[in-house]
Amino acid sequence: MILAAIISIYGLIFLIRGKGMGKDAVAHPHYRLLGGFLLTFIPVQLVLGLLLGIVIAVSSPDTTEEGFKDKLTLPSFALSL
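Cut-offs applied
Residues numbered from 1 in each chain as written. Predicted model: local features only at pLDDT ≥ 70, side-chain atom pairs only at ≥ 80, totals over all residues. Heavy atoms only, no water. Helix = DSSP H or I, 4+ residues; strand = E, 2+ residues; numbered from the N terminus. Rg over C-alpha atoms; globule rule 2.2 N^0.38 Å. Buried < 20%, exposed > 50% of the residue type's maximum accessible area, 1.4 Å probe, protein only. Contact = heavy atoms within 4.5 Å. Areas by Shrake-Rupley, 256 points an atom, 1.4 Å probe, with all protein chains shown as cover. Lys, Arg positive; Asp, Glu negative; His and termini not counted. Charge placed at Lys NZ, Arg CZ, Asp CG, Glu CD.

Draft legend 1. Examining the overall build of the protein more closely. Within the protein, the regular secondary structure consists of five helices and zero strands. Ordered by position from the N terminus, the helices and strands of the protein form the series α-α-α-α-α. Over its C-alpha atoms the protein spans a radius of gyration of 20 Å, topping by over 25% the 12 Å that the globule rule assigns to 81 residues. Along the first, second and third principal axes, the C-alpha set of the protein runs to 60 × 20 × 20 Å. Per-residue burial for the protein yields a buried fraction of 12% across its 81 residues. Here the analysis covers contacts within the protein between residues at least 6 apart in sequence; of these, 28% occur between residues at least 24 apart. Summed over its atoms, the accessible surface of the protein is roughly 6,500 Å², and 75% of this surface lies on carbon and sulfur atoms. If you average the places of the 6 positive and of the 5 negative side-chain charges in the protein, the two averages end up 26 Å apart.

Have a look at this one:
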């Protein structure tokens with residue numbers, strides 16, 4: 001989560017400034033493209049999390065809410081992988 005925030009901050013910096021980090025950074029239009037690309041990580045993570053939740057819900061249609069809580073708690077989920 002922290003890494004995604006750092007990547008997004010660098011993406012904003014590259015997108016707004018149009019040059020790299022450092023004292024002697026040279027402006028180049030590719031930095032703006034890199035900044036736009038770096039800003040796509042958070043939406044991609046949200047979509048992948050949503051898709052993972054949908055896949056888990058569809059793969060076990062007869063499971064109740066308590067069953068999902070038991071299935072997705074860390075010890076049982078990590079051991080089933």
